[in-house]
Amino acid sequence: MRDPQLLAVAVLEEGEAETAWCRVEIDKIDDGTTLINGVIAPQWIDDLTRLLAWLGWQHSLELSDEDNNILEERHH
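Residues numbered from 1 in each chain as written. Predicted model: local features only at pLDDT ≥ 70, side-chain atom pairs only at ≥ 80, totals over all residues. Heavy atoms only, no water.

Caption draft 1: Broad picture of a negative patch on the surface. Side chains of Glu-16, Glu-18, Glu-25 and Asp-27 sit close together on the surface and give a patch of like negative charge. Counting only elements with at least two residues in the negative patch, the list comes to β1 (15-18) and β2 (22-28). Tracing the backbone shows Glu-16 in strand β1. Accessibility expressed as a relative area gives 66% for Glu-16, which makes it exposed. (Patch = residues over 30% accessible without salt bridge, like charges linked within 9 Å, V, L, I, M, F, W, Y side chains within 5 Å. Areas by Shrake-Rupley, 256 points an atom, 1.4 Å probe, with all protein chains shown as cover. Salt bridge = Lys/Arg side-chain N within 4 Å of Asp/Glu carboxyl O. Lys, Arg positive; Asp, Glu negative; His and termini not counted. Charge placed at Lys NZ, Arg CZ, Asp CG, Glu CD. Helix = DSSP H or I, 4+ residues; strand = E, 2+ residues; numbered from the N terminus. Buried < 20%, exposed > 50% of the residue type's maximum accessible area, 1.4 Å probe, protein only.)

Caption draft 2: Structural detail: the environment of Thr-49. Looking at the secondary structure, you find Thr-49 in helix α2 (residues 45-54). We classify Thr-49 as buried; its relative accessible area is 11%. Distance in space between the C-alpha atoms of Thr-49 and His-75 is 9.8 Å, their sequence separation being 26 residues. Beyond its immediate sequence surroundings of up to four residues, Thr-49 is in contact with His-59, Leu-61, Arg-74 and His-76. (Contact = heavy atoms within 4.5 Å.)

And the structure:
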């Protein structure tokens, strides 16, 4: 991992987190799923995916453009 702030973002269970490369909101919903919604610099997506896998979090990512068009979906 390139940035220790990456770990700080991922260990939050609820709330908001902001670093130089992301701004996200983290929410737990009733079924225990953790939703992470926000803006992440594209060059950090792979690092975030590796971190979530290391934490044992099953996750899916939807990468979209500024017009909210889905460009890519990843399921892990």
